[in-house]
Amino acid sequence: MLKRISAVILAAAVASVGLVTGTAANASTAEKPTVSDITINPSPVVVTSRDKVTATFSFIAGNIATDVSATITPKGGAAVPLKLEKADVPTITTSKKYVGTYQFGRGDAAGDWTLAIKASNPSGATEASKGFHVVQVWSTDIVRFGAGPEPAKFGSALTVSGRLLIFGSKGPDGLKDQRVKILFKEKGSWRWRTVAWDRTNWRGDFAVRVKALKSGWWKAEYDGVKGFTHGSSSDSDQVTVFRPRPPKPDAASRLVDFNASPEPVKKGKKLSLVGELQTWDHGRWDGYEGKVSVWFKAKHGKWTYVKTAWTDGSGEFSTTATAKKSGDWRVVFAGDKDTKPSTGKSDWVLVK
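Rules behind the numbers
- Residues numbered from 1 in each chain as written.
- Predicted model: local features only at pLDDT ≥ 70, side-chain atom pairs only at ≥ 80, totals over all residues.
- Heavy atoms only, no water.
- Helix = DSSP H or I, 4+ residues; strand = E, 2+ residues; numbered from the N terminus.
- Rg over C-alpha atoms; globule rule 2.2 N^0.38 Å.
- Buried < 20%, exposed > 50% of the residue type's maximum accessible area, 1.4 Å probe, protein only.
- Salt bridge = Lys/Arg side-chain N within 4 Å of Asp/Glu carboxyl O.
- Pairing = 2+ DSSP bridges.
- Polar contact = N/O pair within 3.5 Å; in protein donor to acceptor, adjacent residues only side chain to side chain.
- Contact = heavy atoms within 4.5 Å.
- Axes fitted to C-alpha atoms, helices over the stretch in contact; angles between N-to-C directions.
- Core = buried A, V, L, I, M, F, W, Y, C linked by side-chain atoms within 4.5 Å.
- 1 Å grid on protein atoms, 1.4 Å probe; cavity = no way out; pocket = protein on both sides within 12 Å on 5 of 7 lines; lining within 4 Å.
- Points joined across faces, edges and corners; volume = space filled by probe spheres on them.
- Nonpolar A, V, L, I, M, F, W, Y, C, P; charged D, E, K, R; others polar.
- pLDDT = per-residue confidence, 0-100.
- Phe/Tyr/Trp six-rings, centres within 6.5 Å; stacked < 30°, edge-to-face > 60°.
- Lys NZ or Arg CZ within 6 Å of the ring centre and 35° of its normal.

Our next topic: the overall build of the chain. In terms of helices and strands, the chain carries one helix and 29 strands. Since a compact globule built from 352 residues should have a radius of gyration of about 20 Å, the 49 Å found for the chain marks it as more spread out than a globular shape. By principal-axis analysis of the C-alpha atoms, the chain measures approximately 185 × 40 × 25 Å. Buried positions account for 35% of the 352 residues belonging to the chain.

This is the structure we're talking about:
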């Protein structure tokens, strides 16, 4: 009888151990899945050209997740599902590592994005998320660049201008409110120097005025903005600067064809005084524009200044004077920084 009771107790104990073991085996499915080790690489995602950038999204789902999914969503946009591949986690038999990729290109929105993960099993579902940033960096170009006029007179004003373009999602367009540098390289030198700058208007146009002091090359440069635009540089434009050759100093001058009329003339009437001022230039006499003075001398008197007259572009002059006494009339050119003075032949006029 004692043996039989012991056998019953032993059987109950074995059953109890079996019950405990079964509960332990199912403990892993008694809890909702976990999501950990979320990784995004690269982060941020930077798109710099037409070439697409592959981003990798990975995470670990634990507690024997039976259904796992992931999406990436731009702010204010539609979700994009990720195709996931899973692999064992060597140290944790109840967990799996999931990896998905997505290629970002020019068509994807710049700004904030969200990686959303959902893992579930018979005990429930777990959701997790992580934010990341997508940056679109656009190419730029400087077009219609030029410096003029060319050739330029020494010390005159040069206008250096052009237009800054951005090649964005909608195609090329003017890039406004950007700083553009103006550089100069002197003829015979290798070094570019920044000499001025301007900020683009709403069309991307820029223009600066600089002094023409030396011959050389001009160009414009845009440094770009980190996370927004690439820098760019214009083609160079050569400008020759010249110093005007002054007229030959101390050129000879002469007054010709001087005439005072009418003759004789009544006292108090007007005399007409005409003539031409000429200067020796490149082997010939040419009319010269300048200032001449009219003088009069009565018989037994001295030369007296009467008035001033101006010659025209042909060197000719015409003026009048009042006839008061008989005497000589003549015209004098005092000269200037380029031309020697001269005195014309006198003309006697009888006054009645």
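Glancing now at the pattern of salt bridges. Side-chain pairing between opposite charges can occur once the charged atoms of the two side chains come close. Evaluated as defined, the whole model comprises 10 salt bridges. Note that D338 is salt-bridged to K337, the shortest N-O span being 3.2 Å. Residue class for D338 comes out buried when judged on its relative accessible area of 12%. A network of salt bridges, in which partner residues are shared, links K181, K219, E221 and D223.

The next point concerns the sheet that holds strand β8 (residues 111–121). In space, the five strands of this open sheet follow the order β2-β9-β8-β4-β5, with mixed pairing throughout. Of all the strands in the sheet, the pair left with one neighbour each is β2 (45–47) and β5 (80–81). As judged from the 11 bridges shared by β8 and strand β9 (residues 124–136), these two strands associate in the antiparallel manner. From the neighbouring strand, A116 faces β9, where its bridge partner is S129.

For the rest of this paragraph, the subject is the side chain of T311. Along the chain, T311 falls in the loop between β25 (304–310) and β26 (316–322). T311 sits in the buried class, given a relative accessible area of 5%. A polar side-chain atom of T311 sits 2.7 Å from the main-chain amide nitrogen of G290. Setting aside residues up to four positions removed in sequence, T311 forms contacts with L277, Y288, E289, G290, V292, E316 and F317.

Once that is clear, we can look at the sheet that holds strand β1 (residues 34–41). Strand order in the open sheet formed by four strands is β1-β3-β7-β6, and the pairing between neighbours is antiparallel. Each edge of the sheet is formed by a strand with only one pairing partner; in this case those strands are β1 and β6 (84–89). Averaged over all neighbouring strand pairs, the angle between strand axes comes to 20°, with direction disregarded. With nine bridges connecting them, strand β3 (residues 53–62) and strand β7 (residues 92–104) associate as antiparallel partners. Note on β7: the bridge partner recorded for A61 is K96.

Another aspect to go through is the side chain of S293. Position of S293 relative to the elements: it lies in strand β24 (residues 291–298). Given a relative accessible area of 14%, S293 falls into the buried group. Look past the residues within four positions of S293 in its chain and what remains in contact with it is Y305, K307, T308, R330, V331 and V332.

Ranked by internal contacts, the top residues of the largest apolar core, which has 23 residues, are I142, V160, I182 and W218. Looking at this core, the elements that each hand over two or more residues are β10 (139–148), β12 (157–168), β14 (179–186), β16 (205–211) and β17 (216–222). In terms of residue count, β12 provides more of this core than any other element does, four residues in total. Residues contacting I142, with those up to four places away along its chain left out, are R163, L164, V180, F206, A220, E221, Y222, S232, S233 and S234. Counting 22 residues, the second-largest nonpolar core is a separate cluster that includes I40, A61, I117 and F132.

For P74, the location among the structural elements is in strand β4 (residues 67–74). Filtering out sequence-adjacent residues up to four positions away, P74 remains in contact with A109, D112 and W113.

Volume-wise, the second largest pocket comes out at about 190 Å³. Contributing to the lining of the second largest pocket are T48, S49, R50, R106, W138, S139, F167, G168, S169, G171 and P172. Sorting the residues of the lining of the second largest pocket by element identifies β12 and β13 (171–174) as the ones contributing at least two each. Grouping the amino acids of the lining of the second largest pocket by side-chain chemistry returns three nonpolar, six polar and two charged.

This prediction gives the chain a mean pLDDT of 89; 90% of its residues lie at or above 70. Considering only residues more than four positions removed or in separate chains, one finds that residues 1–29, a stretch of pLDDT under 50, has five contacts.

In this structure, β14 lies alongside strand β15 (residues 193–199), joined through six bridges in antiparallel fashion. Bridged to R179 within β15 is R199. Where β14 folds back onto β15 in an antiparallel hairpin, the turn is made up of six residues, including G188, whose phi is positive at roughly 90°.

The next thing to look at is the packing of aromatic side chains. All chains considered together, the criterion is met by 11 aromatic pairs. Summarising the aromatic geometry, the rings of Y102 and F104 are spaced 4.8 Å apart at their centres and angled 80° between planes, so their arrangement reads as edge-to-face. Taking the relative accessible area as the measure of exposure, F104 reaches 0% and is therefore buried. In this arrangement the basic side chain of R179 is found over the ring face of W197, its NZ or CZ atom lying 4.4 Å from the centre.

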